[in-house]
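Architecture and fold: a report
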Amino acid sequence: PVYRVGTAPDGRPFLAMKLVHGKTLSAMLAAGEPIDAAAVFEAVAQAVGYAHAHGVVHRDLKPSNVMVGAFGEVQVMDWGLAKVTGVG
């Protein structure tokens, strides 16, 4: 969720978003941590599917842009290269 949109004192735009606690999927894989791969894959697929249904393509989906929280919650991060396709 986006909590606030504004302009910093120096004129740069900003977004205030949810703070996500967890580790990136790439860090977990590198450390050999146990991962419920099916659950993570399903959550990523659901998030990307939702975006696609609304005409948004992520364009930078990779393990370092997927966060996994302490309780297995999954967030797809870094939508900075996303493109709105006009579909949806």
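Residues numbered from 1 in each chain as written. Predicted model: local features only at pLDDT ≥ 70, side-chain atom pairs only at ≥ 80, totals over all residues. Heavy atoms only, no water.

On to the environment of G32. Relative to the assigned elements, G32 resides in the loop between α1 (25-31) and α2 (37-53). Exposure remark for G32: the relative accessible area of 60% places this residue in the exposed category. Between the alpha carbons of G32 and K62 there is a distance of 17 Å; along the sequence they are 30 residues apart. (Helix = DSSP H or I, 4+ residues; strand = E, 2+ residues; numbered from the N terminus. Buried < 20%, exposed > 50% of the residue type's maximum accessible area, 1.4 Å probe, protein only.)

Its identity as a non-glycine residue notwithstanding, R59 has a phi of 70 degrees, on the positive side. Tracing the chain through its elements places R59 in the loop between β4 (56-57) and β5 (66-68). On the basis of relative accessible area, R59 is assigned to the exposed category, the value being 52%. Phi at D78 is positive, roughly 55 degrees, even though this residue is not glycine. Mapping D78 onto the fold places it in the loop between β6 (74-76) and β7 (83-84). Look at D78 and you get partly exposed, because its relative accessible area is 42%.

Taking strand neighbours across the sheet as the criterion, the three strands line up as β3-β5-β6 in an open arrangement whose pairing is antiparallel. Every other strand in the sheet has two partners, leaving β3 (23-24) and β6 as the edge strands with one partner each. Two strands pair when backbone bridges link them, and β5 and β6 are joined in this way by three bridges, in the antiparallel orientation. Paired with M67 across the two strands is Q75, which belongs to β6. Packing of α2 onto the sheet brings it into contact with β5 and β6, and relative to β6 it is tilted by some 40 degrees. (Pairing = 2+ DSSP bridges. Contact = heavy atoms within 4.5 Å. Axes fitted to C-alpha atoms, helices over the stretch in contact; angles between N-to-C directions.)

Moving on to the pattern of salt bridges. Taken as a whole and judged by the stated rule, the model has three salt bridges. With a shortest N-O distance of 2.8 Å, D10 and R12 are connected by a salt bridge. Each member of the pair, D10 as well as R12, carries the same accessibility label: exposed. Measuring nitrogen to oxygen at the nearest pair gives 2.8 Å for the salt bridge that ties E33 to K23. With a gap of 10 residues between them, E33 in the loop between α1 and α2 and K23 in strand β3 connect regions that are remote in the sequence. Classification of E33 as partly exposed rests on a relative accessible area of 26%. Overall, the relative accessible area of 41% leaves K23 in the partly exposed class. (Salt bridge = Lys/Arg side-chain N within 4 Å of Asp/Glu carboxyl O.)

What is shown is where atoms sit, not what they do.
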